[in-house]
Amino acid sequence: MKFLFLLSPLLTNFAYSIVNLEMNDEPLVIDVDELVRQRLPRYYRFIPRWLTRWLERIIHQRELNEILQRMCGKDGVGAAHEALDYLDITTEVEHADRIPAEGRFIFVSNHPLGGLDGLSLIAFLGGRYKGAIRFLVNDLLMAVKPLQPVFLPVNKYGRQSRGRAAEIEAEYQGQKQMITFPAGLCSRMGKNGEIHDLQWQKFVVMHAIRSQRDIVPMYFDGENSRFFYRMARWRKRLGMKFNLEMILLPGEMFKSRGKRFRVVVGKPIAWQSLDASHPMEEAQRLADICYALKPENENKKI
């Protein structure tokens, strides 16, 4: 246990290095050893090569580079399709008829996987609306250049700049369909063993009211491995504030190769029905509506 406390600062720096990807333009390439050398120049000579090789295996560097090469030259929705095709992922959407053909909406969903769920929603909704979508994401993901046309970055590890906030507001006032995971981080395991989102944030309520957009709830049926959730739980127990388990997310994505996921669409929620004076409570209500769509709850009134 003491060893983990001593090692945690170094692993945290490694995780920051891996997440803050810098990729070449032609082709896109991830090089963990080079990233660590750039991000930790003072410590690089003391880091054994076996450790960076281990990190390369953990994040599936070779497979990620194969996906990035396939995505190269594709933009937005096309890039998402390339990644899903490589992984042989299919998504079955139930009650797709509930998605309006016209209008301006915010599509909200639980966030169970941390990657494939986002790609699947980009591919499906992007096809539905001919690429006229914007997905609110952690600004670190802007490094994945082929997906930049559909990404709308949010600074999750610092204060939001006025320019960035204005850009987000302008997009919500625009004509493209907005997609978001209101929980921000992907789902975690609760004390009862149930996999569930963290607290949904109030921004989705406030944006819906200000932009006068109805909300379309969606439930994405999927889970990561138990190892991922145990890692997250132990990281929290050990007092490590940084989301270290994110280095496992590429591995979780490749574990899902060949799977079929289900997405259940709910009925649109009128923005006029949202209570601006209690945005956190309203965000929780939206989360409850989303989870009521869960397949085993299909006998309930939705």
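Residues numbered from 1 in each chain as written. Predicted model: local features only at pLDDT ≥ 70, side-chain atom pairs only at ≥ 80, totals over all residues. Heavy atoms only, no water.

Trainee: Which residues make up the packing of aromatic side chains, and what values go with them?
Mentor: In this structure the tally under the stated criterion is six aromatic pairs. Taking 5.4 Å as the distance between ring centres and 80° as the angle between the ring planes, the aromatic pair formed by Phe228 and Tyr229 counts as edge-to-face. By the ring-pair criterion, three or more aromatic residues cluster together here, those being Phe105, Phe107 and Tyr129. Over the face of the ring belonging to Trp234 we find Arg237, whose NZ or CZ atom lies 5.1 Å from the ring centre. (Phe/Tyr/Trp six-rings, centres within 6.5 Å; stacked < 30°, edge-to-face > 60°. Lys NZ or Arg CZ within 6 Å of the ring centre and 35° of its normal.)

Trainee: Can you tell me about the nonpolar core, naming the residues and giving the values?
Mentor: Phe107 and Leu116 are the most contacted members of the largest nonpolar core, which has 49 residues in total. If we ignore the near neighbours within four places in the chain, the residues touching Leu116 are Leu84, Leu87, Ile89, Phe220, Met253, Ser256 and Phe261. Among the nonpolar cores identified, the runner-up in size contains 25 residues, and Ile106, Leu152, Ile209 and Ala283 belong to it. (Core = buried A, V, L, I, M, F, W, Y, C linked by side-chain atoms within 4.5 Å. Buried < 20%, exposed > 50% of the residue type's maximum accessible area, 1.4 Å probe, protein only. Contact = heavy atoms within 4.5 Å.)

Trainee: Give me the lowdown on the confidence of the model for the protein chain, citing residues and values where you can.
Mentor: Overall, the predicted model of the protein chain reaches an average pLDDT of 86, with 86% of residues at or above 70. The low-confidence segment residues 1-10 (pLDDT under 50) makes six contacts with residues lying over four places distant or belonging to another chain. (pLDDT = per-residue confidence, 0-100.)

Trainee: Could you give an account of the environment of Pro279, naming the residues involved and the relevant values?
Mentor: The residue Pro279 is located in helix α11 (residues 279-291) in this model. Using a relative accessible area of 15% as the deciding quantity, one classes Pro279 as buried. Taking the C-alpha atoms as reference points, Pro279 and Phe203, 76 residues apart in sequence, are found 7.9 Å from one another. If near-sequence neighbours (up to four positions away) are discounted, Pro279 is found in contact with Lys202, Val205 and Met206. (Helix = DSSP H or I, 4+ residues; strand = E, 2+ residues; numbered from the N terminus.)

Trainee: Could you give an account of the pattern of salt bridges, naming the residues involved and the relevant values?
Mentor: Summed over the entire model, instances satisfying the criterion amount to 15 salt bridges. The salt bridge partner of Arg188 is Glu245, with a shortest N-O separation of 2.8 Å. Remark: Glu245 occurs in the loop between α9 (226-237) and α10 (249-255) and Arg188 occurs in strand β6 (residues 188-189); sequence separation between them is 57 residues. Overall, the relative accessible area of 11% leaves Arg188 in the buried class. Exposure remark for Glu245: the relative accessible area of 0% places this residue in the buried category. When the shortest N-O distance is used, the salt bridge between Arg285 and Glu282 registers 2.9 Å. Taken together, the residues span about one helical turn, with Arg285 and Glu282 both in helix α11 at a distance of three residues. Owing to a relative accessible area of 9%, Glu282 belongs among the buried residues under this scheme. The network of salt bridges with common partners includes Asp33, Arg49 and Glu56. (Salt bridge = Lys/Arg side-chain N within 4 Å of Asp/Glu carboxyl O.)

Trainee: Run through helix α4 (residues 61-71), naming residues and quoting values.
Mentor: Among the residues of α4, Gln61, Glu63, Leu64, Asn65, Ile67, Leu68 and Met71 are the ones counted as buried. Against α2 (32-39), α3 (49-58), α5 (77-86) and α10 lie the buried residues of α4. Gly73, located one to two residues past α4, shows a positive phi value of around 90°.

Trainee: Explain the sheet that holds strand β2 (residues 105-109) to me, and be specific about the residues and the numbers.
Mentor: Backbone hydrogen bonds hold the strands of a sheet together, and the pairing may be parallel or antiparallel. A sheet is described by the order of its strands in space; here seven strands give the open sequence β1-β9-β8-β2-β5-β3-β4, paired in mixed fashion. Looking at which strands have only one partner, the edges of the open sheet turn out to be β1 (90-94) and β4 (151-154). Taken over all neighbouring pairs, the strand axes of this sheet differ in orientation by 25° on average, direction set aside. Pairing of strand β3 (residues 133-138) with β4, which is carried by four bridges, proceeds in the parallel orientation. Within β4, the position partnered with Leu136 by the bridge is Leu152. Contacts from helix α7 (residues 162-173) reach β2, β3, β4 and β5 (177-180) within the one sheet, and its direction differs from that of β4 by about 145°. (Pairing = 2+ DSSP bridges. Axes fitted to C-alpha atoms, helices over the stretch in contact; angles between N-to-C directions.)

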